[in-house]
Structure formats: C-alpha cells, structure tokens
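What follows is the residue order along each chain.
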Number of protein chains: 4
Amino acid sequence: MNLRIFDRLESEVRGYIRSFPTIFTKARGAMLWDEDGNRYIDFFAGAGTLNYGHNEPGMKARLLEYLEHDGVVHGLDMATSAKKDFLETFERVILQPRHMRYKVQFPGPTGTNAVEAALKLARQVKGRTNIIAFTNAFHGVTSGALATTGNEKFRSAAGQPLANVQFVPYDGYLEGVDTTELLERMLSDKSSGLDLPAAVIIETVQGEGGVNTARFEWLQRLESICRRHDVLLIVDDIQVGCGRTGTFFSFERAGVSPDIVTLSKSLSGFGLPMSLVLMKPELDIWRPSAHNGTFRGNNLAFVTAREALLRYWTTDDFAREVERKGKMMRLWIEHIASAYPSGQFQARGRGMIQGLASRVAGLPNKIAAAAFKHGVVVETSGAEDDVIKLLPPLTIDTELLADGLYLLEQCVAETLGVRLATSSNVRTLRKTAGGGR
Amino acid sequence: MNLRIFDRLESEVRGYIRSFPTIFTKARGAMLWDEDGNRYIDFFAGAGTLNYGHNEPGMKARLLEYLEHDGVVHGLDMATSAKKDFLETFERVILQPRHMRYKVQFPGPTGTNAVEAALKLARQVKGRTNIIAFTNAFHGVTSGALATTGNEKFRSAAGQPLANVQFVPYDGYLEGVDTTELLERMLSDKSSGLDLPAAVIIETVQGEGGVNTARFEWLQRLESICRRHDVLLIVDDIQVGCGRTGTFFSFERAGVSPDIVTLSKSLSGFGLPMSLVLMKPELDIWRPSAHNGTFRGNNLAFVTAREALLRYWTTDDFAREVERKGKMMRLWIEHIASAYPSGQFQARGRGMIQGLASRVAGLPNKIAAAAFKHGVVVETSGAEDDVIKLLPPLTIDTELLADGLYLLEQCVAETLGVRLATSSNVRTLRKTAGGGR
Amino acid sequence: MNLRIFDRLESEVRGYIRSFPTIFTKARGAMLWDEDGNRYIDFFAGAGTLNYGHNEPGMKARLLEYLEHDGVVHGLDMATSAKKDFLETFERVILQPRHMRYKVQFPGPTGTNAVEAALKLARQVKGRTNIIAFTNAFHGVTSGALATTGNEKFRSAAGQPLANVQFVPYDGYLEGVDTTELLERMLSDKSSGLDLPAAVIIETVQGEGGVNTARFEWLQRLESICRRHDVLLIVDDIQVGCGRTGTFFSFERAGVSPDIVTLSKSLSGFGLPMSLVLMKPELDIWRPSAHNGTFRGNNLAFVTAREALLRYWTTDDFAREVERKGKMMRLWIEHIASAYPSGQFQARGRGMIQGLASRVAGLPNKIAAAAFKHGVVVETSGAEDDVIKLLPPLTIDTELLADGLYLLEQCVAETLGVRLATSSNVRTLRKTAGGGR
Amino acid sequence: MNLRIFDRLESEVRGYIRSFPTIFTKARGAMLWDEDGNRYIDFFAGAGTLNYGHNEPGMKARLLEYLEHDGVVHGLDMATSAKKDFLETFERVILQPRHMRYKVQFPGPTGTNAVEAALKLARQVKGRTNIIAFTNAFHGVTSGALATTGNEKFRSAAGQPLANVQFVPYDGYLEGVDTTELLERMLSDKSSGLDLPAAVIIETVQGEGGVNTARFEWLQRLESICRRHDVLLIVDDIQVGCGRTGTFFSFERAGVSPDIVTLSKSLSGFGLPMSLVLMKPELDIWRPSAHNGTFRGNNLAFVTAREALLRYWTTDDFAREVERKGKMMRLWIEHIASAYPSGQFQARGRGMIQGLASRVAGLPNKIAAAAFKHGVVVETSGAEDDVIKLLPPLTIDTELLADGLYLLEQCVAETLGVRLATSSNVRTLRKTAGGGR
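Residues numbered from 1 in each chain as written. Chains lettered and ligands numbered in written order. Predicted model: local features only at pLDDT ≥ 70, side-chain atom pairs only at ≥ 80, totals over all residues. Heavy atoms only, no water.

Undergrad: Just give me the short version of the domain arrangement of chain A, but keep the residues and values in it.
TA: Think of interface size as the accessible area that goes away when the parts come together; that is how it is often given. Residues and elements named next belong to chain A. Per the domain assignment, the segments making up chain A are domain 1 (1–54 + 315–432) and domain 2 (56–311). One C-alpha centre belongs to domain 1, the other to domain 2, and the line joining them spans 26 Å. Listed by partner, the interface residues are 31 residues for domain 1 and 31 residues for domain 2. Between domain 1 and domain 2, a total of about 2,400 Å² is buried, with carbon and sulfur atoms accounting for 48% of that surface. Our enumeration of links across domain 1 and domain 2 arrives at 2 salt bridges. (Domains from an automatic or database assignment. Contact = heavy atoms within 4.5 Å. Buried area = accessible area lost by both parts, 1.4 Å probe. Salt bridge = Lys/Arg side-chain N within 4 Å of Asp/Glu carboxyl O.)

Right, dumping it as structure tokens:
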C-alpha cells in the first residue's frame, strides 16, 4: 500500500482517505478489497450511495450492454432512449403506485445541485429570499446549499457570509420542548425578525448531523405550519431516501406531502452521479434552461437507476427486508448501550440508518478506527463526531450483517477496555428480528 | 419519435431537447443516431464535453474491463487504484512536461462544483469576500458560481441577490478601450468602490458568452494587474481546456500562470461527470473535508480520463491536428462572412471553438434549426443567441468536418434566401488549412 | 386646524400625525397645546425623548445664553467649549460614580446611527459578520440597524434582504422556556448553523416591541453566555436609558457590564438630536474618521445634555422619584387589569415605562384614540399594536400623572362599554405608591 | 488650549479635531474664534453645512423667539406650526417657481438617513435590489448609504460585505472615454452581469471624492440612460445643493429632472440637523411609518430653514452673488496652478465649491496644516487627500474671501518653498470677477 501520490498531489481537503488509509481495488455487494488483498465489510456504503451494494450484477449487466451498443453516454439534456426509459419506469414504479403528482427535474448529477435547484425554485415561486433550515442539517457545500448546512467546518470554508437562511431547532433539540412551537410562534409574530420564508428544508433523519430523527407527528406539525403560513416544504431525501428507512421516500409513513423533494446518492443504484428534483406540477415555473449543467444527462446512471427500480421496488418485499434488518441493527445498538454502560451510549435512527451515539468524547472515532483495522468500514457523524453511523447496503446478507455487528462489538469492548458482554450473540438478535434469507 | 413522457413529466426547465427534438439512441465519434435511424453530425460535442468524440473505442475498452473486474465504482474520496492511476498519469503527462506545480482537488464531478471550490479557496486564502468576474462570463449555476455568471436568464432564477462579485468589462467589450485600464484604475483608486477582491476569475475564450476571445497580451496585462494588487488569478478552463484551443490548457500560449485552474467537461474524455481544481501548492490551506461531496470519486471517469491523457497528450500530434482543423473552421467562417454579406457575419474564436456571429437578430437560431433538419447538431450562444458556436469533437475526421461545414453553409444560404456562393467548396478550405487524415 | 399642506406635500410615510391629527404649537413640561388652544397631557414624551419634559426652563436658559453669545452651533467634530463641558460632566456625573470605564463616540445625532456605529465596531473587533438580535427588537431603520429590528413593517421597506443577523427568542417569548438555554445550546453546538456572532444586541425593556421586559437574572445569564463564547454584549439603551427605568442606565440593577452601550433620545434632555456610543476602552480600534457624519457635533444638544446631567443626576433623588411614580403607574395598570376583565389586560414594564397589554384585537388603538379626544397623548406598541405604552415625562407632576391615569381609565371603561370601576381612585394609588410632590 | 479630555475620553474615531486642534468657542458669519482668542477664516463651513455662515442673525432671532415662546422642540413627526410653516414656504419659494412636483419626506435629521430612505424607496418602487453608484462617491456611512460610498476607509469599517451596489466610472474617470457608454453597454447587454438596478445615485459634484464635476451633458446622457432602462435617477444634493453651485439645486442648469432628491447639510441654514427626501408624487408608495426615527421633527431646524428660504431664495440676487464669488475662487485657483508649477496643481469645481488638486503626494495636507496656523480653516478631500477643497460660506464678504485666498497663497508658496508670485493680488481677481458688496 503506497499512498504517496495522494500525499504529494492531492489537496489537503481530502477526507475519507485519512479514515480509511488504503487503496481499494475491488468491491462487490457489501464487501471491499484493497491492494493487499484485505477484505472489508462495508457499513458505510458510500455514505448512503450504495443501498444496493457495490457492482450489483443485474445493473452491471445492463450497463455493459448499453456501453457495448454505443448508447449515448453524454448528451446534456437531449432526449435519449435511456432517459426516456428511466422516466417511464420512475413514473410507473414509484410515482403512480404512491399517487404522487410530481414533475421531474434533472438538475445536474449531485445532491448539492438538486438542493440548489430546489431552493432557487422555491424562492422564485414565492418571491421571497428567506429559507428556514434546521440545526445540524446537511444539504451540501455549493454556496446556496451550504447556506442551509449547519456545520461550522463547511460554513467557514465559504469565505463569505452565508445569507438568506435562518436556522431553527430540529425535533428533539431542546429537551422537553416541542420545537415546532417556537417556529409557529416566530412565523405568527410579525415582529419576530424571522422573515417569512419561501420554504422550509428538512431531512427526516439527519445523517451527517448525527443520525437525529424527526418524529412523524413532528413532521406533520411542521407540514401544517408550512400550509398555514404559505411556506413550501422541501424534503431533502438524498441520504435517507431510496429505501434507507424502509419505504422508498423517507416521509411516506409520516403521511406528509412535500412540495419539493430532492433525491440523489442511491438513486442510480450503482454509485453513479445522478440526482433529481421532484416538484408539484403547479410549482414548475422554471423558464427553459434557467438551471443548466453539463452533466444533467448521465445516461449510464439512467440505465442503472431504471434497473434498480425494476429490481427492488415493484413489490414490497425489499421494504420488508429493510425493516427486518433495521430492527436487527437497532436491537444490537440497544444491546451495546445496555451492556457497555461506560460507553454512555444511546440509540438513534430509523430503518437501516442507525446511530450509536456516545457521550464520551472521542470514543466513536476510536471505535471506528479499530473497526477499520478489524475489517469493517464505518464512519462517525455529528458535530463532534459523537455518533457511529451504521449504514450498510440495504441488500447486505443477514449473516454478513451479523458478522459486521459482532466485529464492531469486539471493537467497542476493546476500545473501552472491558470484556465482551456474554449476551452478545448477534445471531440471536437476528432471530429476534425475524427470519431472512 | 415520441416525446410525450418528457412533455408530461420533465420540468419546464429542460433545454436542449427543445432545440433538438428527437430521441437519440446511439453515438460514435462525431456522429449521433436517433430512434428513427436518422444520422447527425455533432458540431456541439456536449457543449465541449466530448472533445474526443462519443464512445471512443480505446476508453470504452478500459471502461468495460474495469467494470468486468468489479473495480470500485463509488468510494467517495477513498483511495482506489483507478484514482491513483489517474493522478500518476496526470502528473506525468500534463503537469511535469509543462513544469507546472499544482495540487489537485476533486471537488465533486461538475464544473460548477469546481468553480465553487476555487472561489471558496481564494476567499479563504486572501480573507476577502469580493471576486471580480467579466461581462458575458459563464461559470455555472450553483449559487456561488452563479454570482460570477453574467447572463440574466440564470441570474434571475436565483431568487435572491447574488453577492460579493463585481463585473468588469472583458477584452474587446468597449471598442477602442483597453479594458484592463479601467480595472487597474479602479484597483489603484482607494475610493473607487471596488473592494479589493480575493481573485479574478476568467475564461480565456467565453464559450457560453458568445465565443469572445481574450487576446494573449490582454491576459498578460490582467495577470500583472493581479500580481501588483495581490489578487489571485483563476482560469476557468472547463469549456476551452482539454485541448479545445489547441494546447491542453487554453492559457499555455499566453504564458500566464494562473493561481487556480478549474477543469471539467472533456476531462474524463468519455462524457462522464468529473472535475478538478488545480491550485498552487502554497494556496492549499484547505482543512480536511471542508469541501466534500458524494461523487468526488467517480472512478469510471478516472479510468477513461487516464486513457484520454495516454492516448492524446503524450506527444504534440493531437495539438497540431486541432490547430489544423481549427484553421479550416476559421477559413470557412471568414468565407461565410464575406460571401453572405446580408447575414452581417463576423468571425470569432480560437482553435476548434469558432463562432459565426451575426448582427441580424434571430438569424443564428434559424440557421441552427435548419441545420438540425439537415442533420447537423449545432447550438447558438451569446446573450442574444447571436452566435453560432461550432464545437465539433476535436477528433472529428476532416471529411466529416468538411461535410458538416458544407451542410451548414447550405443552411446559411437557405435561411438568408440567397444562392450558395460559388466559391464555397469546403474541401478547398481543408486543403488550404493543410493536409491531414 | 388645517392639515392640508401635510396631506398634499408630505409623503405617505408620515406616522404620528395620523394618530394625533392636530397642529401643536406650544409645549411645557408634560403638557402640549394645539392651534385651537386645546391642552393635552403627554404620556408619550416623544417616544421617550422628553424624559425631563418639554422646554425644561433650566436647560432652556442655558440654550438661550449659548445662542446669544454666538456659541458654535455646528462644527462637525471639531472641539468646542460646549462639547468639552459635556464630556467633562458626563465623565464626572455618570461614569465615575458608577466606576464605569468607557470611551465615548459621537456617531451622528440619531439612535440608529449609534446602533450602526456599535455594530460596525463589534464586527471589526471580532472579525465576524454575524450579530444576534432578539424577537420584537427595535434598533432603528437605517440598513445596518434595520437588520436587527424585528418588525416586518420596517423590514419589508428595505427592498433588499437584511443580512448577517440571526434572531433568537427574547426573555418570556416561549412560556415555560428559559430562552437563554436555546442560545447557549446553539452557540455550543458547532453544527447548529448559528455562526458565532460578533455581538448580541439587546434592549433590557423592548419599548417598540411591546414593553417586554427581560428579567435581571436572564440578562445575567445572557451576559455569561457572551463571556463564555467570546461574544460582545451591546445594550441599546436608547429608549429606556437616561433614567426611564429608574437608574441612569437601564442595566445598572441587573449588574451586567455591557461592552458597548448606545444612548440617544433623552440624552440631550431637550428633544435635540444627539446620540452616543460607549465602548470599553480596549475595544476602541476605530481608525480616525472611519465613521463620520455631518451632525456629530450638535452643540446646542451638548449644552442642554450637560445641564440635564447637572440638574437630575448628581444625587439619587430623581431616581427615587421615578421609582415612586413608576410604582404608581404599575398599580394603576394592575387595577385596570383586575377591574376590567373584558379587556383581557396584562401588566408589563419597569420603572416609568409601563404597558397595558390586551388580548382583545384592536382594543389598545381604540383606547388610545379615545384618549387623544379626552386630551391624553399616548401611543400603542407591539407587533399588533396590542399594548398601550405609558411613557410620561419622568418629571411629570404627581397630580398631573394621576389626572392622566384617571382620564385613561375613563377611556378604557368607555371603550369597553362598562361602568367606571368603583375602586378607581387614582389618587389612592398615588398614596399607596408613597408621597411626593 | 487643553484637549486632554478629548484624548482621554473620546474615541479614536474622532477626526476634524485632529486637523484643527483647538477649542472653538464662538462663531459668526465666516469667522471662528478659539479659547485663546485666535480668529479663523472659515473656508470649510461645516463641510458645506454653513452656506449662510455661522449664527446668521436673522435666523438666530427667529430661533430665540420660538424658544422663548415654548414652541414645540421635539414632537417626532406630529404636526407643529413650525413644520407647517416650513412646508408652506418650501413649496412656495422652492418648488413652485421651479415647476417641480415633489412630495417631501422627513427621514430623520441626517444626510445618511435621507440616502437610506431614498434607496429603500427606489428598491421598493422597482422591486429590484441593485443600485448603481459611482467611483469616488460619498453618500454617508450607515450601512445602506455606505454601500454606495466608494472610499475604502469607510467601507472597511463596516465589518461585513456591502451588498447590492455596483460601482461604475464617474464622468472623467478614464481619460478619453465617455463613461456613460460603458454604463449603456452593460445595461443593454443581458449577459453583462450588471443586474438591472432600481436606481442610479449620483452627486453632480463629488465633494468628498475630490471635487470631481460631472458635465451637464454627461448628466443629461445619464438621465436618458435611466429613462431608457426604466431606472430611477437619484441626485444626492446634500453637499452641493442649497445654493453651493449657484442654483438652489445643483442640477437645475443641467436641465435634468431627478426622480428622487436628497437634501441636508445647509438645509436648516443654521447648522442644525435636518434632512429631506423629495420624490416624484407617483413614487410615494411608502406605507405609513415604514421609515421612522426619533428626530424627524427637529422643529428648531424648521424655524431656521424657513427663514433661510425667505431670506436668500425669494429673488435671484443670492444666486448671482454665488456665481460671482465662485468665479473669483476659480480665477484664484487657475492663478495658483499657473504661478506655482512645482505644485502640479489643477483646478476643479463649480460655483463656490472649488478644488485645488495636486499631483504632489502629501502637498495638500501640508498646505492645509499651514493654513490652519495662519488662521484659515480648510480641508482636503479625495481618495488620497489630493485636493484642497475650498468651501467658504456662500455669504462670505468679498473682502474676507480675498483675505483668505491671499493667506492660502502664502501657505502654498511657503510649503513649496518658493516666492509669492508677483501677480498674486487677490483683490485683482475679485475685480475681474465683477463687483460686489
């Protein structure tokens, strides 16, 4: 393993290479291999980009086929057969069964670009500049999206003040306080200083912000505040959409109906850059070409994205599988929290995004570093890196998930300097969570 | 051809599908085919993204190979063999022969993201918020880049004021005035109202803005103004880098040494999303992860990008070929301008980006529409769509280029309602420009 | 009474002339007379500008004297004997007895200018752009001050977004919540989205915002949050300083030590334009002339301001008198609140700024209109004009205060359509509140 | 003379006290006296505030009268007899004879407040945020006005970026270039990056910026550009209005008709804080109270302002007198420029604002310092203090003006270390300029 070219040539801004200092050469499903032939269980999944695992064979087959026939790879936003097929499938498999009426924008292939487009559209529609974002939010780092991102590390890099966004507390931010009450009070009060916003932008689970979860009833209250004050509701489903919490959209069970939705990360299914903005038809006041971009039409991504929908979303089976494995992950976390009190752990999450939060400063990073040595790739999140974020591919085999959790528990025990808890048989958890393949 | 799904489902923001209303199914080199089997000569090249043509066989071979062996497709900015190989090749083939000392940032896979990163870095380095951009500039549409983009169509879509950028006139903007004089005067005058900027950002040829070309000596004067006032010089080489004007970087012959360079579009060589920021090593004050993004590591793009460098940039042959074909294009334009006076045409451009400007309102769009009917894909640019922008793949076969130009001339004549000029034998132009394949 | 010239020539922006539609010709102490010889009791006092009443004879004498001797009226910020005398007296009578170490800036003669200077200084000192202001705050309407003012009426007139200020809830804004906890949480959380501010700006009693009062212990907590996070504390004492709450500065009894204090309104004592910024000496990093203004040196104001200090602030007598009369006003309000339940009244205030809040929409404006007809000038405040703000000159004679309150009670009863409460003998209240002139 | 209290207590921001380090005690007409009995000729006039001199006896008489009768000194913007009388006189003496239809706003008593109100109104009327200002402009230092002020000394004190204003070159900024051409080009070009502004704000002579003078035909071209692009024209006549250039408004002879005019400084005639915004009636879309302020109603200023109008503007005599004395000043400057070549002097100005510019760095400040020692108060202006700005009261006696100019010439000669030019008999100049009192 030789990282010298990176040290010499790549900017100091590089990140994950520091946490996972090796050269990866191959990947399949929930497994990664490096140059030296080491194998890793992937509990990270490209920060939520690889919900269907690496190099899923079905999508790969379609991709090779497309390339071999000289399909159009790049065509800006010209119509191609790949794009047409994707649109038709997305309408038939995702929108129609959910009775959703949305128009689709291809804003450029990254999540941050989708957020930029969503914010622009909201501001244009309402003719207002202000946007409300939430504490600990992450929506991207291009300047418009960055203004809605809470973390000082990203914000201070802007080199200029980030304007026209006001932050209010997310669900659970202040113990014992329903934070929608403050928002309602400030919006109702014409002298609060909170300018009436064009939109509220929210993640139903804050992945980057520390696996904070908004309760469904809280989301409902938020939606009704938006309606009452004529404010658009934008759900940024980039990290926890595409099935991460069980349903395709993370807000389905909450029963809310966002005006605008952003999707990216696992949308292509294969790790290829792609993103979408969904908007209620009546909001589609875009002038032609008013938001452009060279890579709006990443046709390879359209090919795999379509295949992902066909393969995983035509029945409910996949959603049930995610639920089952999510339950297993949760049980494991609760076990850790009760069996290792010195870790001062706490459980967070929904579906297959689960966080093991700790009040012991620095502990999560130590556990994650130990995990890497033991062959598990997992990252921390939260303002102070205070949460281990478990984000395996949704398609991970139950056995492998159990193996990974068991390895992680070993790292927890080792890092805390205590014995492995006797009750820690992850396979037991699996059974409790229900059968599986 | 059935575009109903696009009309029904895709947002009004869609653009090129309106200019080129068909469904493309296949592409190779400088040719595109649609659903109905029609063939098109591509004088557009993905707005400069396909300098090496569609589905270049060498790159395709590498891509298929990589996919077949389950190479890592997505790994954020973890180290992969594909990334390592790209970095080594970029250093060896591009930087070292040019004696360039730059560090490399992968800011996300789009040009606008590269511009965002460049502006952030410049502002951080200098501790100043202001940036100088030029009339008719285009640098992208995410909010930070958008603030440096001149076109009202994009700017007004922001829905908020675009701050901390001041526009000054580009080379040739005012007849008879050396516009660097105004810049120098305003920067020297402490009471001019022009806050000392962190950086100047410039395209050496403004593709989107109407194929405006900055003279080399003007660029040199701009560079020395930057040095004198301790201002960084950013060259946005996204559209005209990667060989478009002949040399790999568009500023090589001008002899200027930008502090920061942005690259994207043709960088991957295959139309895949990828971008880079190059910065002088002493400017690399980034904190780890301070600019992140899910698709920084588009490994498929790294594979083809490396192959493109190996295939086209290890000798000077390709540069000479571009020069020769660029000359041929220029001769054609000059011929058109003199042979069709009623079109009030004017020639613009450098290398293989050439613009046929017209003072007759609406004429360029009419010619481009006629061209599409005759099987040539070409777009217009400029604030008033007043320029036909010729942007064929650099690898286009001379015969095909000649065919395309001949077809275009027919469209010019037809649109103007005049006879084809007798002297208009494009093959003659080719000979004048020198032999070649 | 003929207001036609105002209707014809003065802009629609005019305000108080609409509430008090008559032409005033003469004023003395707490009384005003109009063209038709009607007399009014002044419970408004120039919105807190006339703490010592109209045309106070002592100050008037000094003023006439100064004018008769051709003292310098205008001299920008050149040194004059009037300015020198004021500075010496301010130091001796106000700063030294309170052991306050402040430097003094004359920022222009208006409160909003003082706020502008305070905010600029804070931002320069800390090198940060963000400022924290509070819900319902009013700090002026020039753009910098306006950004810290909560009311939508003023904010929307800006015609541009108001940047670099974040609003947080004032004391009592959310029932049952100590709002400093939210502030502390957001400042401690590096991912809250609340950029570390240069300063917090606060009124200890929000006059314009509805006579909201911050508890002393809450102010102390706010101060310690500021210290902990290296944030400056600015107290805007423009409306409730100069003795309005009893002490010269409104924050004296809270025991807090602001880094910057703004004073204006009653500072000149005579209704003449004048303002000051006080700053801790170590913060005085101003470059010479960096904040200028034509009317920094309103020498007539310096003459009367000095006289006001000499006349009212060399002993504690005046403070005690304010306390006594404030108590009387408070008792009256509490009497009203309990005797007229249909008004849904509530008491607010401190010292001689007392508010009679009502939950009945529109009621306060009706009472104020009735009062004007009965010869009492009083205004409403709050986002919805939901509070009658009692702001008589501090020097008002006890009898006249009693008369005014009695008249006001008649208006309350009349507006509510109920009988005068039998217990409503204001003179009794006066006795309860302690003797006096 | 003892300035210790200022050194100890006044902020470092103090300015003129540094140029004129003495304590002034008395002033009359164009003369000032200090504590030590020294007499000074005032060629500064409160930076244009004392056009009618210090303590003009007629105004003083009215002021004393008003005070003695307990006229209302402060009443916010309630109607008073003093305000009514002023409005009627302003309409009759100023507006009607000039056939001007304007409504009048009292925005607060300072120039910067008038500019703030004007900019707010323009932005509201047009629904656009951008404003165009000119190189070397000065419009005040509160944040909104500051954004239109060019000088870095003031701008950098803001501590935050100054947004929504774009600077373009003033008349004469680039030799040989008609700078309105650049403005026209950028406004016509939809891709110039210059967002369509709500308004252009301009001084017809830039006092603070170095006595730069816009030619009448240039102003006319500017006006027609504004009309063509639906942009408002704001003339800031704060420093050069009220007769400074001869006519009451500085733009009268140019024949332009601004949409909005700001007045302050000499408006009260007596050095008292007062300002006005004039707006065409159709622009008066202000909501009641949307721009407020405690000192909008400085009634003492209304009393003297009315008297000034009655005394100086009911006939043309005063305008002619200004013209005559302005000519005398100009001849003197031209004499200096030709007689003292080593000073590299150049003449600038219009009417009785005349500038003696010098290319010798530091020379103007040295001459001004010498002048103070010789009993002449005069200041420098321009980005580099490169201009001696002559700004005597318009009412200055011809003899005294001649004396002052003679003294100044002595300072010029002395500072340059050369002999007094033989032709330098200022009294001769006076005669050349025509007779007078």
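Undergrad: Could you give an account of the interface of chain B and chain A, naming the residues involved and the relevant values?
TA: At the interface, 110 residues of chain B touch 109 residues of chain A. Connecting chain B to chain A are 14 salt bridges. The partner of Arg287 of chain A in a salt bridge is Glu152 of chain B, with the nearest N and O atoms 3.9 Å apart. Here chain B and chain A share 52 residue pairs in polar contact (both at pLDDT 80 or more) between them. Broken down by element, the side of chain B that touches chain A gets its largest block of residues, 7 residues, from helix 5 (residues 81–95) of chain B. For the side of chain B that touches chain A, the class distribution of residues is 47 nonpolar, 34 polar and 29 charged. Of the pairings in the sheet, the one linking strand 1 (residues 23–28) of chain A to strand 4 (residues 79–80) of chain B comprises 2 bridges and is parallel in character. (Polar contact = N/O pair within 3.5 Å; in protein donor to acceptor, adjacent residues only side chain to side chain. Helix = DSSP H or I, 4+ residues; strand = E, 2+ residues; numbered from the N terminus. Nonpolar A, V, L, I, M, F, W, Y, C, P; charged D, E, K, R; others polar. Pairing = 2+ DSSP bridges.)

Undergrad: Tell me what's going on with the relation of the copies chain C and chain D, and back it up with residues and numbers.
TA: For the match of chain C to chain D, the screw axis carries a shift of 0.0 Å, the RMSD comes to 0.0 Å, and the turn is 180 degrees. Expressed as a symmetry operation, the mapping of one chain copy onto the other fits a two-fold axis. Taking C-alpha positions as the reference, the residue of chain C nearest the rotation axis is Ser143 of chain C, at 2.6 Å. Interface residue correspondence from chain C to chain D reaches 100%, placing this contact among same-surface, isologous pairings. (Least-squares fit on C-alpha atoms with pLDDT ≥ 70 in both.)

Undergrad: Account for the sheet that holds strand 2 (residues 31–34) of chain C, with residues named and values stated.
TA: Spatial strand order, 16(C)-3(C)-2(C)-1(C)-4(D): 5 strands in an open sheet with mixed pairing. Both outer strands of the open sheet, strand 16 (376–377) of chain C together with strand 4 (79–80) of chain D, are each paired with one neighbouring strand and no more.

Undergrad: Outline empty space enclosed by the protein, listing residues and values.
TA: Of the volumes computed, that of the largest cavity is approximately 650 Å³. Ala163 of chain A, Ala163 of chain B, Ala163 of chain C together with Ala163 and Asn164 of chain D are the residues nearest the centre of the largest cavity, which is lined by 35 residues in total. Every element with two or more residues in the lining of the largest cavity is listed here: helix 7 (143–146) of chain A, helix 7 (143–146) of chain B, helix 7 (143–146) of chain C together with helix 7 (143–146) of chain D. Residue composition of the lining of the largest cavity, grouped by class: 17 nonpolar, 16 polar and 2 charged. (1 Å grid on protein atoms, 1.4 Å probe; cavity = no way out; pocket = protein on both sides within 12 Å on 5 of 7 lines; lining within 4 Å. Points joined across faces, edges and corners; volume = space filled by probe spheres on them.)

Undergrad: Quick rundown of helix 13 (residues 363–373) of chain B? Include the residues and the values.
TA: By the burial criterion, the buried members of helix 13 of chain B are Leu363, Pro364, Ile367, Ala368, Ala370, Ala371 and Phe372 of chain B. Count one or two residues on from helix 13 of chain B and you reach Gly375 of chain B, which has phi positive near 90 degrees. (Buried < 20%, exposed > 50% of the residue type's maximum accessible area, 1.4 Å probe, protein only.)

Undergrad: Quick one: what's the story with the pairing of strand 3 (residues 39–42) of chain D, residue by residue and with numbers?
TA: Residue and element names in this part refer to chain D. Pairing between strand 2 (residues 31–34) and strand 3: 3 bridges, direction antiparallel. When the sheet's bridge partners are listed, Leu32 is paired in strand 3 with Tyr40. Between strand 2 and strand 3, which follow one another and run antiparallel, lie 4 residues, and Gly37 among them has a positive phi close to 85 degrees.

Undergrad: Can you break down the pattern of salt bridges residue by residue, with the values?
TA: Counted according to the given criterion, the structure contains 131 salt bridges over all chains. Here Lys389 of chain B ties to Glu379 of chain B by a salt bridge, and the two come within 3.4 Å at their closest N and O atoms. Of this pair, Lys389 of chain B sits in strand 18 (residues 387–390) while Glu379 of chain B sits in strand 17 (residues 379–381), and the two are 10 residues apart along the sequence. Overall, Glu379 of chain B belongs to the buried group, its relative accessible area being 8%. Counted as one network, the salt bridges with shared partners bring together Asp7, Glu12, Arg14 and Arg18 of chain A together with Lys103 and Asp284 of chain B.

Undergrad: Talk me through the side chain of Thr142 of chain A; I want residue IDs and the actual numbers.
TA: On the secondary structure map, Thr142 of chain A appears in the loop between strand 6 (131–134) and helix 7. Aside from chain neighbours lying at most four places away, what touches Thr142 of chain A is Thr112 and Glu116 of chain A together with Asn113, Glu116 and Thr142 of chain B.

Undergrad: With reference to specific residues and values, describe the packing of aromatic side chains.
TA: Scanning the entire structure with this criterion turns up 84 aromatic pairs over all chains. Both rings, one in Phe106 of chain B and one in Phe302 of chain B, keep their centres 5.2 Å apart while their planes meet at 65 degrees; by these two values the pair is edge-to-face. With Phe106 of chain B in the loop between strand 5 (103–105) and helix 6 (111–126) and Phe302 of chain B in helix 11 (residues 299–312), this pair connects stretches of sequence that are 196 residues apart. Neither Phe106 of chain B nor Phe302 of chain B differs from the other in exposure class; each is buried. Following the ring pairs from residue to residue traces out a cluster consisting of Tyr52, Phe248, Phe249, Phe251, Tyr312, Trp313 and Phe318 of chain A. The residue whose ring lies beneath Lys26 of chain A is Trp33 of chain A, and the NZ or CZ to ring-centre distance is 5.2 Å. (Phe/Tyr/Trp six-rings, centres within 6.5 Å; stacked < 30°, edge-to-face > 60°. Lys NZ or Arg CZ within 6 Å of the ring centre and 35° of its normal.)

Undergrad: Hey, could you go over the interface of chain C and chain D for me, with residue numbers and the actual values?
TA: Each side of the interface is counted separately: chain C has 109 residues, and chain D has 110 residues. Interface area for chain C against chain D, summed over the two sides, is near 9,400 Å², with a carbon-plus-sulfur share of 60%. Counting the contacts that link chain C with chain D gives 14 salt bridges. Across the pair Glu35 of chain C and Lys84 of chain D runs a salt bridge whose closest N-O atoms are separated by 3.4 Å. Counting every contact that joins chain C to chain D gives 52 residue pairs in polar contact (both at pLDDT 80 or more). Looking at the side of chain C that touches chain D, the element that brings in the most residues is helix 5 (residues 81–95) of chain C, giving 7 residues.

Undergrad: Tell me about the relation of the copies chain B and chain A, and name the residues and values.
TA: With an RMSD of 0.0 Å, the fit of chain B onto chain A corresponds to turning through 180 degrees and sliding 0.0 Å along the axis. Both copies contact each other with a shared surface, as 99% of the interface residues of chain B are interface residues in chain A too.

Undergrad: So what's going on with the sheet that holds strand 2 (residues 31–34) of chain B? Which residues, and what values?
TA: Read from one edge of the open sheet, 5 strands run 4(A)-1(B)-2(B)-3(B)-16(B), paired in mixed fashion. Two strands close off the open sheet at either side, each with one partner strand: strand 4 (79–80) of chain A together with strand 16 (376–377) of chain B. The strands touched by helix 14 (residues 398–416) of chain B within the sheet are strand 2, strand 3 (39–42) and strand 16 of chain B, with strand 3 of chain B carrying the most contacts at an inclination of about 100 degrees. (Axes fitted to C-alpha atoms, helices over the stretch in contact; angles between N-to-C directions.)

Undergrad: I'd like a description of unusual backbone geometry, backed by residues and values.
TA: Positive phi outside glycine occurs at Gln344 of chain B, with the angle close to 45 degrees. In this structure, Gln344 of chain B sits in the loop between helix 12 (317–339) and strand 14 (345–350). Even without glycine at this site, Val211 of chain C takes up a positive phi of about 55 degrees. Mapped onto the secondary structure, Val211 of chain C falls in the loop between strand 9 (205–206) and strand 10 (212–213).

Undergrad: Now, about the packing of helix 9 (residues 179–188) of chain A against helix 10 (residues 216–228) of chain A: what can you tell me, with residues and values included?
TA: Residues and elements named next belong to chain A. At a minimum axis distance of 10 Å, the contact between helix 9 and helix 10 shows a crossing angle of 5 degrees. Judged by the inter-axis angle, helix 9 sits roughly parallel to helix 10. Where helix 9 abuts helix 10, its residues Thr179, Thr180, Leu183, Glu184 and Leu187 lie against Trp218, Arg221, Leu222, Ile225 and Arg228. Residue composition of the contact of helix 9 with helix 10, grouped by class: 5 nonpolar, 2 polar and 3 charged. (Parallel < 35°, antiparallel > 145°, perpendicular 65-115°, else oblique.)

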